[in-house]
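For reference, the chains in residue letters:
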Amino acid sequence: MILYLQLFWEFFQTGLFSIGGGLATLPFLSDIADRLGWFTQATLADMVAVAESTPGPLGIKTAAYAGYVTGGVPGAILAAFSLILPSVIIILVIARVLRIFKNNKYLNVVFMCLRPASLGLIVVSLISVCEVAFINSVYADVMTMINWKGVVLAAVLLIFTQGISRTKKWHPIIWILISAVIGILCF
């Protein structure tokens, strides 16, 4: 029972303070992994990979995955619910306030100030994911420390998608299949 209360509280806080969407939850999940040991950083990278490869919101999928790893099916449901609960509460309050103060210049300034904070959380998430994907921390020298296959795969996919997407509009499933083939060939 205490595990479920702690799970609720941790993901409620994550939902409350991760402004900016699913990627903004990653620093909080990383902190949970380090502080509570419910899952490892490698498991977090797996969570992101699974969540990114399936349809739906990233934050809810990673919370459900983390909850499942921690507390089974009830943990998955509780983590996902507690992650979205603050958003629901905040949206209901904001909708009420915006109806009353929709032309207030101070309220507009507050929303403008939230944008850099959201961007900062997303950049931290990007750095964390890149560290896991591109750096092998167990090696001492730079040549073996960098995961060259991951770097080459990322570069090839970036060049391929940017070059081809400007000339032809292909269905997203084709892009997924091409990416999968390139990933298999690189690894």
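For the structure, see preceding data.
Because the structure is a prediction, the values reported are computed rather than measured. (Residues numbered from 1 in each chain as written. Predicted model: local features only at pLDDT ≥ 70, side-chain atom pairs only at ≥ 80, totals over all residues. Heavy atoms only, no water.)

Q: Any chance you could explain the side chain of Ser30 here in plain terms?
A: Structurally, the position occupied by Ser30 is in helix H2 (residues 26-36). The residues contacting Ser30, other than those within four sequence positions of it, are Gln41 and Leu44. (Helix = DSSP H or I, 4+ residues; strand = E, 2+ residues; numbered from the N terminus. Contact = heavy atoms within 4.5 Å.)

Q: What is the right way to look at the packing of aromatic side chains in this model?
A: Two measures describe an aromatic ring pair: the distance that separates the ring centres and the angle between the ring planes. For the structure shown, the criterion picks out two aromatic pairs. Geometrically, the ring pair formed by Phe8 and Phe12 is stacked, given 5.7 Å between the ring centres and 20° between the ring planes. In this pair, Phe8 and Phe12 are both assigned in helix H1 (residues 2-17), four residues apart and thus about one turn of the helix distant. On the accessibility criterion, Phe8 (25% relative accessible area) is partly exposed. Each ring, one from Trp9 and one from Phe12, has its centre 6.2 Å from the other, and the planes form 15°; the classification is stacked. Taken as a pair, Trp9 and Phe12 lie in helix H1 at a separation of three residues, close to a single helical turn. Members of the aromatic cluster, joined through ring pairs, are Phe8, Trp9 and Phe12. (Phe/Tyr/Trp six-rings, centres within 6.5 Å; stacked < 30°, edge-to-face > 60°. Buried < 20%, exposed > 50% of the residue type's maximum accessible area, 1.4 Å probe, protein only.)

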